[in-house]
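The primary structure of each chain is shown beneath.
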Amino acid sequence: MMPVLAAPATLRKRPPAEVPGRSAIHFDEVLLAAERLARWRIGTTVAYRPLCDETPRRVAQRLLSSLAPLVGLRAHAHLLVQVAALGHDRLLLREVLQAAREASVPVTLDMPAPERSDALMACTADLLVDHPDLGLTLSCDRERSLRDADTACSQNLRLRLVHERRAETGAGRRASAEAFARMVDRVAGRARHVTLVCHDPQIVAESLERLRAAGTPVALELLPELPHQGVLWVARTHHLPIRSCVSYGRPQAASHLGPTAHTPRVLWWSTLSNSLGTLLPAAGHA
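Small disclaimer: the values here were computed from a predicted structure and weren't measured.

**Looking at the overall build of the protein chain**
- Within the protein chain, the regular secondary structure consists of nine helices and eight strands.
- Out of the 286 residues belonging to the protein chain, those deemed buried represent 50%.
- Considering only residue pairs separated by 6 or more positions, the protein chain has 74% of its internal contacts joining residues 24 or more positions apart.
- With an accessible surface of roughly 12800 Å², the protein chain has 55% of that area assigned to carbon and sulfur atoms.

**Digging into the nonpolar core**
- In terms of nonpolar packing, the biggest core is built from 70 residues, with L79, L109, L136, L159, L161 and V187 touching the most fellow members.
- Excluding residues that lie within four positions of it along the chain, V187 makes contacts with A149, C153, L159, L161, V194, L211 and T216.
- Listed in part, the seven residues of the second largest apolar core include A47, V162, L226 and C245.

**What to know about the packing of helix α3 (residues 90-103) against helix α4 (residues 117-128)**
- Running from N to C, α3 and α4 point in directions that differ by 55°, and their axes come no closer than 11 Å. One element, α3, and the other, α4, form an angle in the oblique class. For the pair α3 and α4, the sense of crossing is right-handed. Along its contact with α3, which presents R90, L93, R94 and L97, the element α4 presents A122, C123, D126 and L127.
- Here the contact of α3 with α4 is composed, by residue class, of five nonpolar, no polar and three charged.

**Topic: helix α6 (residues 170-187)**
- Taking 1.5 Å per residue as the helical rise, α6 with its 18 residues ought to reach 26 Å, and the 27 Å between its terminal C-alpha atoms agrees with that figure.
- Of the residues making up α6, those classed as buried are S176, A177, A179, F180, A181, M183, V184 and V187.
- Tucked inside the fold, the buried residues of α6 contact β4 (134-139), α5 (145-154), β5 (158-162), β6 (194-197) and α7 (201-213).
- G189 sits one or two residues past α6 and shows a positive phi near 80°.

**Description of the sheet that holds strand β2 (residues 77-81)**
- With respect to topology, eight strands assemble into a closed barrel ordered β1-β2-β3-β4-β5-β6-β7-β8, the strand pairing being parallel. Averaged over all pairs of adjacent strands, the angle between their axes in this sheet comes to 30°, without regard to strand direction.
- Running at roughly 165° to strand β8 (residues 242-249), helix α1 (residues 27-39) makes contact with β1 (43-49) and β8 of the sheet.
- Its contacts with the sheet place α5 against β4 and β5, and it is angled at close to 165° to β4.

**What to know about the environment of M121**
- Position of M121 among the secondary structure elements: in helix α4.
- Spatially, the C-alpha atom of M121 lies 8.8 Å from that of A152, the residues being 31 residues apart in sequence.

**Things to note about the pattern of salt bridges**
- Per the counting criterion, the structure on display carries 15 salt bridges.
- Residue D126 is joined to R90 by a salt bridge in which the shortest nitrogen-to-oxygen separation is 2.9 Å. One end of the pair, D126, is in helix α4; the other, R90, is in helix α3, with 36 residues separating them in the sequence.
- Of the charged contacts, one joins R160 and D110 as a salt bridge, the two residues approaching to 3.5 Å between their closest N and O atoms. One end of the pair, R160, is in strand β5; the other, D110, is in the loop between β3 (107-109) and α4, and 50 residues separate them in sequence. The residues R160 and D110 share a single accessibility class, namely buried.

**Considering unusual backbone geometry**
- Here the phi dihedral of N156 falls at roughly 65°; this positive angle occurs in a residue that is not glycine.
- You can see N156 is positioned in the loop between α5 and β5.
- Phi is positive for H239, which is not a glycine, with a value near 50°.
- By secondary structure assignment, the location of H239 is in the loop between α8 (229-238) and β8.

Each value, and the rule that gives it
- Residues numbered from 1 in each chain as written.
- Predicted model: local features only at pLDDT ≥ 70, side-chain atom pairs only at ≥ 80, totals over all residues.
- Heavy atoms only, no water.
- Helix = DSSP H or I, 4+ residues; strand = E, 2+ residues; numbered from the N terminus.
- Buried < 20%, exposed > 50% of the residue type's maximum accessible area, 1.4 Å probe, protein only.
- Contact = heavy atoms within 4.5 Å.
- Areas by Shrake-Rupley, 256 points an atom, 1.4 Å probe, with all protein chains shown as cover.
- Core = buried A, V, L, I, M, F, W, Y, C linked by side-chain atoms within 4.5 Å.
- Axes fitted to C-alpha atoms, helices over the stretch in contact; angles between N-to-C directions.
- Parallel < 35°, antiparallel > 145°, perpendicular 65-115°, else oblique.
- Left-handed = near helix turned anticlockwise from the far one by under 90°.
- Nonpolar A, V, L, I, M, F, W, Y, C, P; charged D, E, K, R; others polar.
- Expected span 1.5 Å × (residues − 1).
- Pairing = 2+ DSSP bridges.
- Salt bridge = Lys/Arg side-chain N within 4 Å of Asp/Glu carboxyl O.

Following this line, the structure appears as structure tokens:
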């Protein structure tokens, strides 16, 4: 019998953030979500989204203070770091990376706005000298990503591949699927590890087949604002390790879920509760 999750607790009053009508997401909510996900053998990727008035030093302090609680989680947690939020400051980044290494929390650098891609790649190259166990996020839909993927593979980085341009049908879906397939073909057999951030079941299944055929370890990462049912079924069929990205700080823009999604826990719960029944009991977490 699948475990029954308790209903989310009532939110405490939160001070308003810069998004009108929505409150900042606190770190305790991330820990609550991570513990619930662990019951279903889903790991977590934890991201901090800075508020509008936070300095790079303040962002670094928040990341550093999150490490000890993350170590105590039942399911293994990864940390997703926005390099731009730290001002591309190598000293701050090295401080966070050193603390994460001591805590055995893997770190992946998040995908920036397209115009900041050069700064991210330069920063990554500098950090690798002292911290070789880094992950890098790349969009499969950006023109330069194939070149960046070649660089990342030569640097032995873990890769987090994001299906950024989603389309349900027609030419848009074909173009997006082909872009994702080109990226997967480019890194298969070369990347140390690949995490697929994609909610198209067919794309996930085909990518998984290519990567495993080439001997590349692979995992799936879920984004809480997108549908999960189909990709969870793929994960069940192929015994694919799963994580879910859970963020705190600045709320994300309004999603397709409508007004009920304005509460962070409602957003997380409403998108996962209808899908967890398809999740494999035997699946491991990444």
